[in-house]
Amino acid sequence: MDDYAHSEDEALIEEHHHIPPALAASAGLAQDKTNFADWLRDQRVDTYKRDDETNIDGLVGGSSTPGSKQSDHVPVIISSPREYQTELFERAKEKNVIVVLDTGAGKTLIAALLLRHIVEKELDDRKAGYEHRLAFFLVDKVALVHQQYSVLEANLDFPIDAFTGDSGAFMYTQDFWKETRNEKTIIVCTAEVLNQCLRHSYVRMEHINLLIFDEAHHAKKNHPYARIVKDFYATLESGDHKRPRILGMTASPVDAKTDIHAAAAQLEGLLHCEIATVDDPTVFSRAAINKPAEGFIEYHRIKTSFETVFCQKLRSIIGSHPAFSKILTYSGECTTELGRWLADRVWKLWLTREEAERIEAKTERDIERRSKHGDLLQFSNDDNDDTEIIRQAFQLTADHSPGELHIDPFHLSHKLIRLIEHLQEHFDPERDKCVIFAEQRLTVALLTDLFQQPGLKRRGYKAGRLMGSTNGNSVDLGMSLAEQKLSIKQFRNGELNCLFATSAGEEGIDIPDCNIVIRFDLYKTVIQYIQSRGRARQLNSKFYSMVEAGNFAHRQLIAEIEDHEDKLRDFCRLLPQDRLITGYDYDIEYHLSKEKSYRTYKVPSTGAVLNYKGSIAVLANFVSSLPHPPDALHRNADYIIHHVGGEFQCEVVLPNCSPIKSAIGRRVLSKQIAKCSAAFEMCLKLKKQKHLDDYLRSVFTKRLPVMQNARLAISSKKRAEYPMKRKPNAWSVLGFPDKLFVTVITLQEPKALGRPSRPLALLTRHLLPRTATFPIFFGNERTSCVECTPLSAAMDCRSDEVEALNQFTLRIFKDVFSKEYVSDAEKMPYFLAPLSYSHDAELTTSCRDSRTVIDWDCIRAVQNTPGYIEWETQSEDVFKDKFVVDTFDGSRKFYTKYKRPDLRPTDPQLPGLPRRHRSKDSKEVTVDIWSSSISSLFRNVRNQMTRRDDLPVIEAEYLPLRRNLLDQFDINDKVDTTCFLVLQVFKISPLPIDVVAMAYNLPAIIYRIESSLIAFEACTSMGLGLPPALALEALTKDSDNTEEHSCEQVNLQRGMGNNYERLEFLGDAFLKMSTTISLFSQIPDSDEFQHHVDRMVLVCNRNLFNNALEMKLEESIRSKALDRSNWYPLGLEILRGRRYKSQDTHALADKSIADVCEAIIGAAYMATHEQRNFDLAIQAVTKFVNHRNHKMNSWGEYYATYKIPEWQSSHCRAVHLNLAAEIEKKLAYKFRFPRLLRSAFTHPSYGSIYEGIPNYQRLEFLGDALLDMLCVDYLFHRFPGADPQWLTEHKMAMVSNQFLGCLCVSLSLQKHMVSMTGGLQKEVAEYVMAITVARTQAEDGAEAAGLGRAAYARNFWMEEKRPPKCLPDIVESYIGAVFVDSEYNFNEVQRFFDTNFLPYFENMELYDTYANNHPVTLLSYTLATEFHCTKWRIMCSETDDEERGFAATKVVAAVMIHGVVRESAYSDSSRYAKMRASQKLLKEMKEMSMEEFKTSYRCDCKLPNC
């Protein structure tokens, strides 16, 4: 879905895992980097050596150019079964056929396609007012009714029902079937049900439009299949249009040792069908259908049966009692077939208390019956004995113990011992699944019981049984339908790995992961052989037959069966040509010779020629060169032929990994030429888009798709020095002002400061934007938020007022911060002023006269005191609550309290006044008040100074200066800073103490205001009017590895506020959505692959980075925290105080700059989020992608560029209208364009040639981006404090295929999907069953807990198997379809999301474990908790060495433990490389003990409590 276009793939989500902080110092990280670089270098050398030894032909897939010498590898032109299935389906649409295909070869797909075709026609007929008709899917067994129904019901969106003989008498009425015909379209039932309904005329053959006979070989003699056709179908006139179509399905047209030709002809005649099959059955062995390897298990058998001691005792009791005769016979046979232990054991299994009571009750009924006939006297004694015999036999059986089982010839037969030995050698209980067929139910029950014995169970066997339903026979051990279903489910889920079955398991059950089949009892017919062998479908499966040594009958039977199968194969191959499905290249030379006008194409630069015939080979070569995923089922071109009038038209469909998915050829007179035409058109498309080179060779042999070859990704490690803007542009507007704007600076919690303070005003030449409140920290959990409130009215200023403000500002810098500047109001970027109001005063931004808020008296008082306050001639009050500075040492500043007349300068100083470095060489143990007060002077100065012991002593509070109040810190309030001063070198500042208290906060406040202004101005320069708070957050990068959320932050800049991570997470999603909508709207003819390529060009970090540099965005990124050098105003001449070197550059990684672009997009989205207006975010996207494929500036422009295609608005058939009505009923949305909805459910395998409707891939591409945005928006706003790591992990749960598959089933969307992929229907049905059971269990659990069924845990889907990929795809495509149909109304997709997604994610804690299962997270957890290793890390690097065998840039990830690379993996992105490397290491450590780990990886990390 998003493998191509997630810009976050390049570094956002790949770094989000719980990697523990590195405990080593930076030197350890540097050493790891060095070791990793050395390892990479060694890897390159090794790879080069391997490449030199590799045959280059093997790397390029053996492709060849037309006209060049062919390699030994010839691409298979026709190897997909879909081609044959399609033609068989087309054949079945035209006439009655019996499809003869091997087990697992896709007969069910053909049936489903035909059902859909017939029912869609039926819906058209119903719309036209014709009488309603039904399609019947007939089966031979009750169990198959439920199995086939589950498959069809899960895959077809038509009303379907299922009936068996056990359904009840209600269905045997005319009214019932009349109602059924009106409400349903398809019925799955046993043949006998339909036979009875036809016989009683509840249903007439005219009411049927399709008859499907599953396992059609049963149609003979008086079988219900035969009776239905003979008695009801054949009686209709052959030309009657009311005759239903017939489809028979079988693996063999005969099931007995009869003449094949005669039997096949008889079957065709009886079913009024023609047999149709493939002429090359091996086509299926080249695809997804796997035939097992066959072998024999030979055993010896003793010739004579005998009675065990226990059986002899039983015989002495039961004599000739008729109820026991069969079991006695079977027990005797057991001694030769199974062994004496099981000959006794069978009685335990059979003669249970329930069975004894049943036999006794039957005996009593016989007594009563005989008494009614007057035979009571004659049989009374025998009857009494019979009931007593039953009781005695039961008691003897209950008391008998067969003894401990030993696997030896005394207890078991040689046949059983050989079975156990064979399984021991060839069966792996952890990996394999085995089905063992036996003829009798008692044998199946005994074998199951045997393998459940402790001795065998310990070997890993998990045995179960499968047999038909009971028939009432006392010796019969049947299973109910529910028990059969349970056994099959347990076998599928792995709860059972060894299934013993009767013939009930031969037909119908679908167990695709069974890989061993054993015939314990030899098959007797060819159909038994074919069907039991067909149970083993996994790759490298085995099929074994147990054969008695020296048994001529067995050998002869095997030979006859093999001969019969050969004859059957020959029979199918020798059918008339009109019965054979030969593929579309059959006799192609002949048809090409008849085609006089077929086209050619010549490449001008090379002269390479493409013609009709050669196009098939060229296309086959191209497909073989594609980078197929390992689990791809279809790796070939599929051709779909469609009849159009008297002509044929073909569509070729390429695998999902192809850049172009399909092409349609011209209409021609033969199927063979139609195929060539489609291949020719596809080759032209590939050449036009440069996927074929000028020699008509695939470019995939040399490089990956364009988007990867362009190397659009950039490095998160590469760093460069860029200019850094230190001050906002607002400060550069200088000159003597005549107007000033006031920004009021207040504290929300002024008491947190610990002393009285008053607000300050920041006066600027231009009105400042309102910045967000931000916290400052005073220590010991005391904090307050700063509020900066700009007043809108300008203040007219006289020159004297400006000068007074300037003097007040300079005084603050001089006294509080020890910086004395030349007075020059023209160069001062801003002015400071005290306010006449308190912090909690109500000040409105629209204040008409800003002058009134300023304390002009205070300003004048400071201005009128050019020096310091003289104290020697004043009263003692002059010492009270003043600000005192040391003019020789700027670090010594104090708040005075009052005069201490009780102290003299010679008295000892308190420890509250720290000793200065200039006095540290003093040998004095104690320091008096005088000496400590002048300690800022140099020694020679102090020595020359006259000591004055007459000076008053002042008690004061020392002010430790800490400028970065933005950084949260802790101080110990218990430290007493009280001290005593004599004013020998100290001066009293005219600044009021409450002004000073507030002024001490200015470095943090000015820094934050300036940072906000710089970010605000950067966004404004791009035309993005973002609020300063959002702009600042988007441009804040507070460490060298900000994006590596869980790693130790390198060079962390503290106190910068929120960094860009969360906004980047949001902006990435909006960038993906907006560019997706734009491409979808503007380029309607592009396919999904090209959309991904085009989107990557837009959203890739390389593009964002380059455009950011063009706008000089890197200068405005905030990467440096507050320090003493970067908050002072620039441009002023300093007279006194430390001069700091200006830092005008900063180092940024390329990717960091790209990340900031996405963060700004996220900020733009947030700026107008409450108004649900996306225009500002769209403008941001347009700025940063800077590409012709996204020029929009408002949401409405997206739909304005979308032109409704003709297929979308074309005439709708009844099936389309019916689909729209079903969706409206289900999801409360009415589609204006039902054909658009149909497209959302059209699988890529279903050719557009049928309805002229494209598949869902483009809509899925659109829906995926919309869904991503919906999930990100929900998480971002629902969890405002969550970090991007947490957000990303939990978003992964919401968009996972696992959840979307579950949601698809809960909404029953899968029923509406149309596809032509063999086996997909059963995959879907199996998943539907599994997820439904999981939900039911969750509801049961909630009910058991007393919560009610509706309160079930919504994460029940997490533990279930992964759904077929098509299920999540159609959820996304449906979202895309709703969006398009609603004219791009985002509220409609939001409503769908709120209604159907959010109920699952109200409690996100349920999904914490989802992220923990991620390989990297799991590796972190394993290393930390199981092995207590802390010195590890995952290193990544990009590799672009073409000689390595890679076609383009790859990323290598290596897991390093204690500085050594222990596992590595390559992938297209660091995300997947890390995952694969972690998976490999987890697998290696799976069975490792602590000691083994410590030894193998040389880990010396200490264990807990060590």
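Every value quoted in this text rests on a predicted model; they were computed, and no experiment measured them. (Residues numbered from 1 in each chain as written. Predicted model: local features only at pLDDT ≥ 70, side-chain atom pairs only at ≥ 80, totals over all residues. Heavy atoms only, no water.)

(A) View of the nonpolar core. The biggest cluster of nonpolar side chains holds 131 residues, and the ones touching the most others in it are Ile1160 and Trp1357. Residue contributions to this core peak at 12 residues, all from helix H41 (residues 1257-1278). Those residues in contact with Ile1160 that lie beyond four places of it in its chain are Cys1019, Met1022, Leu1024, Leu1026, Ala1034, Leu1035, Leu1113 and Phe1184. Residues Met795, Val816, Phe831 and Ile1006 belong to the second largest nonpolar core, which totals 72 residues. (Core = buried A, V, L, I, M, F, W, Y, C linked by side-chain atoms within 4.5 Å. Buried < 20%, exposed > 50% of the residue type's maximum accessible area, 1.4 Å probe, protein only. Helix = DSSP H or I, 4+ residues; strand = E, 2+ residues; numbered from the N terminus. Contact = heavy atoms within 4.5 Å.)

(B) Here's a closer look at the environment of Pro659. Relative to the helices and strands, Pro659 is located in the loop between strand E18 (647-653) and strand E19 (662-664). Among residues more than four places away in sequence, those in contact with Pro659 are Phe622, Leu626, His691, Phe700, Asp1087, Phe1089 and Gln1090.

(C) Here's a closer look at the state of the cysteines. Tallied over the entire structure, the rule returns zero disulfides. In this structure Cys650 is a free cysteine whose sulfur lies 9.1 Å from that of Cys676, the closest cysteine sulfur available. (Disulfide = S-S within 2.5 Å.)

(D) Layout of the pairing of strand E17 (residues 638-644). The element E17 is largely enclosed, with a buried count of six among its seven residues. Pairing analysis gives seven bridges linking E17 to E18, with the strands arranged antiparallel. Bridging across to E18, His643 finds its partner in Phe648. (Pairing = 2+ DSSP bridges.)

(E) Here's a closer look at helix H23 (residues 671-688). Taking 1.5 Å as the rise per residue, H23 with 18 residues should run 26 Å; its terminal C-alpha atoms sit 26 Å apart, in good agreement. Burial within H23 is extensive, with 14 of its 18 residues counted as buried. Count one or two residues on from H23 and you reach Lys690, which has phi positive near 65 degrees. (Expected span 1.5 Å × (residues − 1).)

(F) Quick peek at the sheet that holds E19. The sheet built from three strands is open, its strands ordered E17-E18-E19 with antiparallel pairing. Looking along the sheet, the strands with just one partner apiece sit at the ends: E17 and E19. Pairwise comparison of adjacent strand axes, ignoring direction, gives a mean angle of 20 degrees for this sheet. (Axes fitted to C-alpha atoms, helices over the stretch in contact; angles between N-to-C directions.)

(G) Seen up close, the confidence of the model for the chain. Mean pLDDT over the chain stands at 81; residues scoring 70 or higher make up 84%. Mean pLDDT in the chain bottoms out at helix H2 (residues 56-59), which sits at 29, and peaks at helix H45 (residues 1366-1381), which reaches 96. Note on residues 376-381: pLDDT is under 50 here. Beyond four places in sequence and across chains, it has three contacts. A low-confidence stretch, residues 920-924 stays under pLDDT 50, and its non-local contacts, those more than four residues away or across chains, total four contacts. (pLDDT = per-residue confidence, 0-100.)

(H) Local environment of the pairing of strand E11 (residues 498-501). Side chains of E11 alternate between two faces, with Cys498 and Phe500 and Leu499 and Ala501 buried alike. Pairing analysis gives four bridges linking strand E9 (residues 434-437) to E11, with the strands arranged parallel. Counted as the bridge partner of Val435 is Leu499 from E11. Taken together, the four bridges between strand E10 (residues 463-466) and E11 define a ladder with parallel strand orientation. In the strand pairing of E11, Arg465 is matched with Phe500.

(I) A look at the sheet that holds E9. Ordered in space as E8-E13-E12-E9-E11-E10, the six strands form an open sheet in which the pairing is parallel. For this open sheet the edge positions go to strand E8 (293-299) and E10, each flanked by a neighbour on one side alone. Neighbour-to-neighbour, the strand axes of the sheet open up by a mean angle of 20 degrees, direction not taken into account. Across four bridges, E9 lies against strand E12 (residues 516-519) in parallel orientation. Bridged to Cys434 within E12 is Ile516. Against the sheet, helix H16 (residues 441-451) touches E10 and E11, its axis set at about 170 degrees to E10.

(J) Region of interest: the packing of aromatic side chains. With the rule as written, the count across this model stands at 60 aromatic pairs. Pairing Trp1195 with Tyr1198 gives two aromatic rings, centres 5.5 Å apart and planes at 85 degrees, and the pair type is edge-to-face. Considered together, Trp1195 and Tyr1198 belong to a single accessibility category, that of buried residues. Both rings, one in Phe1393 and one in Phe1397, keep their centres 5.1 Å apart while their planes meet at 25 degrees; by these two values the pair is stacked. (Phe/Tyr/Trp six-rings, centres within 6.5 Å; stacked < 30°, edge-to-face > 60°.)

(K) Local environment of empty space enclosed by the protein. Applying the stated rule across the entire model yields seven cavities of 30 Å³ or more. Here the second largest cavity is characterised by a volume of approximately 190 Å³. Along its surface, the second largest cavity is lined by 15 residues, and Met724, Tyr1007, Arg1118, Lys1120 and Asn1126 are the ones closest to its centre. In terms of residue class, the lining of the second largest cavity is made up of two nonpolar, six polar and seven charged. (1 Å grid on protein atoms, 1.4 Å probe; cavity = no way out; pocket = protein on both sides within 12 Å on 5 of 7 lines; lining within 4 Å. Points joined across faces, edges and corners; volume = space filled by probe spheres on them. Nonpolar A, V, L, I, M, F, W, Y, C, P; charged D, E, K, R; others polar.)

(L) Representation of the packing of H45 against helix H46 (residues 1386-1396) in the model. Closest axis-to-axis distance for the H45/H46 pair is 8 Å, and the angle between their directions is 145 degrees. In this structure, H45 crosses over H46, and the sense of that crossing is right-handed. Touching Tyr1374, Ile1375, Val1378 and Phe1379 of H45 are Phe1386, Glu1388, Val1389 and Phe1392, all from H46. Of the residues assigned to the contact of H45 with H46, the class counts are seven nonpolar, no polar and one charged. (Left-handed = near helix turned anticlockwise from the far one by under 90°.)

(M) Main features of unusual backbone geometry. Look at Leu696: it is not a glycine, yet its phi comes out positive at around 65 degrees. Within the chain, Asp881 stands out as a residue other than glycine whose phi angle is a positive 50 degrees. Within the secondary structure layout, Asp881 lies in the loop between helix H26 (856-863) and strand E28 (883-886). Overall, Asp881 belongs to the partly exposed group, its relative accessible area being 42%.

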